[in-house]
Amino acid sequence: MGESTFEIDFEPIGKRVDVAPGTNLLEAARQAGIGLASVCGGEGTCGRCRVTIMSGEVSAPVDADRRFLSQLELTSGQRLACRCQVHSDVKVQVPKASLVTDQRLQVSGVARQMQIEAAVHAYEIEAPEPTLHDLRSDLDRIIDALETMHGRRKWFAEPAVVRTLSALARRTGWRLTVYARHNEIVGFEAPGRKPIGFAADLGTTKIAGYLVDLETGEELAASGIMNPQIGYGEDVISRMVHATRHDDGSAELARVVREGLNNLIIALAFQAGVSQEQIVEACIVGNTAMTHLLLDLPVHQLSVSPFVAATSTALDVKARDLQLEMAAGAYVHVLPCVGGFVGADHVAMILGSDLDRKPYVAVGVDIGTNTEIALLKPNEKTLTSASCASGPAFEGAHIRDGMRASTGAIEAVKITATGVQIKTIDNAPPVGVCGSGIVDAIAEMYRSGVINNRGRINREAPGVRKNEKGYEFILAPAEISGTGRDIVITQADVNEIQLAKGAIASGLETLMAATGTAPEEIQEVIVAGAFGSYLNLDSALAIGLLPRLPNAKYVQVGNAAGVGAKMALLSLKERRRAQQIMQRTGYIELTTQPDFNSRFAMSMLFPKQS
C-alpha cells in the first residue's frame, strides 16, 4: 500500500489492487482485471455487481443499494460495487454470480480400477395398496415387501425418512426404489432411480465435488468451487483463530462451508440430471482443520502446540445433521486423519495414488496451502508423513500481481533473447499471474540471470527496474495487459516463493533424514493436488521446489485426494484400506527434528544450475 492508496483484496479470486481513496469497488475490480458483472455499466440500475464487505471502511448505502438489497443483506455487508467507495484497506467477498468468468478448478485425477462394494444398495419393490381389509402402516407395508422380495432383515427407518414415504408411495402406485444401508432404510424414490453418491475434497482454497453411480462407479458429474471460508482467512490458522475468538465463530465457519457444499450438490445434480433425493451416501475428505470446521468440532487444541485433533477416527454422520440436502437418511463418511495437520485428504491421496501399494521406495507430495508429504518404505511396511506450511503463495496470495487460476492469469513464462513470452488462461490479455506462472517466471528469471541463487534481483538485467521498495522484473508491460498497468515480479514476490518452496523442500529432506532414506533409494515422486496438475516439473526442479533425485521418475496424478474420496465412497473395502493406511502411517512434526531450521534456511536458496 502506498501512502495515499488503499489495498483492496478481492476474495475468493485472491487478487489485490491499490487504489486511490474514494474509488468505487467496480472501478477497483476493473483495475485488478476482475470481470464483475455490470449490465448497466456502473450506473447502479442493474443490481448485478453485488459484493460483500468482509472488513474495512466504505461509504454508506445509497438508494441504489436499497433498491436491490434488503435491510438484512445490507446489514450483513452486501453492497453494489459500483456504488461503494473505499475509505480504508478493504477485503471484499465476490460471489460467483457476480463474476463474468469462472476460475479454473482442477477436479480430475488418474482413475483407479476397483471392485464396487457400496454402503448403500437400491431395492426395487412393489407393495399392495392399503384397503379396509389391509390396514398395515405405510412403512410396515414396504418392509413386508422388502422381506418377501429381497430377504428377511430387521429393516428400519427413522422418522425423517418415513416422512418422505406416504405421498411418494401413493403417487407411484406403491412401486418404489428403496435405498438401504445394510438394514437401515435411508431413502425412497420413484421406481428405476439409481442410487447416487457424492464425494468431495474439501480443500483450504478449493472444493472439488463429484457425483457417481453407486452401482456402476461411473462419474456422472464433477465440478469445483472456491471454499467460501476464504473470506475468514486464506490459511487454516486464521480460520481456527476466528473460530475460537468469536462466540459463534465455529458455527459460522461450519455454516458457510455447508452452504458451499449444498450449492455444489445442487449444481452437480442438475448437471447429472438426477434428484437430490437419489444422493444416498457421501464421502468428504479434507485436512484435519477443514473437517473439524465442517463438523463444528473444537479447534483450539488443534491450533496450539502440540496440535491435537479432537478425533482422528473415521466418522459416519447424518447428512441432515450437516444441513446437506440429500436423501433424508443419507450418511456422510469422513475418512480418518493421521495427525494434527495430516488429515483425511492425505489418507485419500495415498489411497487414490496407490502410494501404499508401491513395491519400491516412493514419495507422495500433495501441494497446496498446506503441503503434505508421505514416504513409503515397503520393506519396512511403513509410511511416514509430514506437513509443511507452504502458505498460499502458489495460489497467488502475497504476490504483488498474484491471482488464482482464472481468465487472464499468466500460467506459463519463457524468457528469450528477444524478451518475455507469456501464456495466459483462455489466451486473454494478462491481468495477473497464477501459481504455475509464478514458478515458471522464477525459474526463468534464475536461468537467465535476472536473479541469483540467493534470490536477489540483478538490477543490471534486462527488464528490471527500481520500485519504491527495491527492484522488480516486468512480465507484461501495460500496453498489452488487461489492467492498463505493468504486471511484475517484485523482490518481495521472489522471497515469498523462496519461503514456500523452502518449506516443501526442507520438509521432504527432513522426512528422508528421519526415516534414514538416501536420495538414490527413491524411485518415484508422485505430485498430487490442483496446483501440482498445472505445475511445470522442469521449473519446479530448477528452483528446488522438488529435489532432483537420481533414480526417481516424477508423475503428476491430478487431484488424487478426490480420487481417493470417490474410491471410499464406492467401496467399503477401500474404507477399510484407508483405516489401515492411517494405522500404518507415522507422523513427524518437522519443527521438532534436528537441523530442520538449518535445512529450511538452505532450502530457500536456489540449486546450482545443471
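Residues numbered from 1 in each chain as written. Predicted model: local features only at pLDDT ≥ 70, side-chain atom pairs only at ≥ 80, totals over all residues. Heavy atoms only, no water.

Draft legend 1. Spotlight on the overall build of the protein chain. Counting its regular elements, the protein chain contains 18 helices and 27 strands. Against the compact-globule benchmark of 25 Å for 610 residues, the protein chain has a radius of gyration of 26 Å, which places it among compact chains. Within the protein chain, the fraction of its 610 residues that count as buried is 58%. Taking the contacts inside the protein chain whose residues are at least 6 apart along the sequence as the reference set, 67% of them involve residues at least 24 apart. Total accessible area computed for the protein chain in this model is approximately 24600 Å², and 50% of it derives from carbon and sulfur atoms. Within the protein chain, the 69 negative side-chain charges are centred at a point lying 2 Å from the centre of the 59 positive side-chain charges. (Helix = DSSP H or I, 4+ residues; strand = E, 2+ residues; numbered from the N terminus. Rg over C-alpha atoms; globule rule 2.2 N^0.38 Å. Buried < 20%, exposed > 50% of the residue type's maximum accessible area, 1.4 Å probe, protein only. Contact = heavy atoms within 4.5 Å. Areas by Shrake-Rupley, 256 points an atom, 1.4 Å probe, with all protein chains shown as cover. Lys, Arg positive; Asp, Glu negative; His and termini not counted. Charge placed at Lys NZ, Arg CZ, Asp CG, Glu CD.)

Draft legend 2. Seen up close, the state of the cysteines. The full count for this structure, using the stated rule, is zero disulfides. Free of any disulfide, Cys84 has its nearest cysteine sulfur in Cys82, 9.5 Å distant. (Disulfide = S-S within 2.5 Å.)

Draft legend 3. Geometry of helix H13 (residues 491–514). Helix length check: H13, at 24 residues, gives a terminal C-alpha distance of 34 Å against a target of 34 Å (1.5 Å per residue), a fit within 8%. Counted residue by residue, H13 has 17 buried out of 24 residues, so it is predominantly covered. Just downstream of H13, Gly516 is the residue with a positive phi angle, here 65°. (Expected span 1.5 Å × (residues − 1).)

Draft legend 4. Representation of unusual backbone geometry in the model. Of the consecutive residues Ser305 and Pro306, the connecting peptide bond is found in the cis state with omega at 10°. Despite not being glycine, Trp174 has its phi angle at roughly 65°, a positive value. Topologically, Trp174 is positioned in the loop between helix H6 (165–171) and strand E8 (175–181). Phi angles above zero are rare outside glycine, and Asp296 is one such case at about 60°.

Draft legend 5. Quick peek at the nonpolar core. With 82 residues, the main nonpolar core has Phe198 and Leu211 as its most contacted residues. If sequence neighbours within four positions are ignored, Leu211 has contacts with Ile196, Gly197, Phe198, Glu218, Glu219, Leu220, Ala221, Leu268, Ala269, Ala272, Val274 and Ile279. Counting residues in hydrophobic clusters, the runner-up holds 57 residues, among them Ala386, Ile451, Ile497 and Leu590. (Core = buried A, V, L, I, M, F, W, Y, C linked by side-chain atoms within 4.5 Å.)

Draft legend 6. Inspection of helix H17 (residues 572–584) at higher detail. The terminal C-alpha atoms of H17 lie 19 Å apart, and with 13 residues this matches the ideal 18 Å at 1.5 Å per residue to within 8%. Restricting attention to buried positions, one finds in H17 the residues Glu574, Arg575, Arg577, Ala578, Ile581 and Met582. For H17, the buried positions fall inside an angular range of 160° around the axis, keeping them on one side. N-cap assignment for H17: the residue whose side-chain oxygen lies 3.1 Å from the backbone N of Lys573 is Ser571. (Arc of directions from axis to C-beta. Polar contact = N/O pair within 3.5 Å; in protein donor to acceptor, adjacent residues only side chain to side chain.)

Draft legend 7. View of the pairing of strand E15 (residues 331–334). Covered by surrounding structure in E15 are Tyr331 and His333 together with Val332 and Val334, the residues of both alternating faces. The pairing of strand E13 (residues 279–286) with E15 spans four bridges and is parallel. Across the sheet, residue Glu281 finds its bridge partner in E15, namely Tyr331. Pairing between strand E14 (residues 315–318) and E15: four bridges, direction antiparallel. Bridge assignment links Val317 to a residue of E15, and that residue is Val332. (Pairing = 2+ DSSP bridges.)

All we've got here are geometric facts, nothing functional implied.
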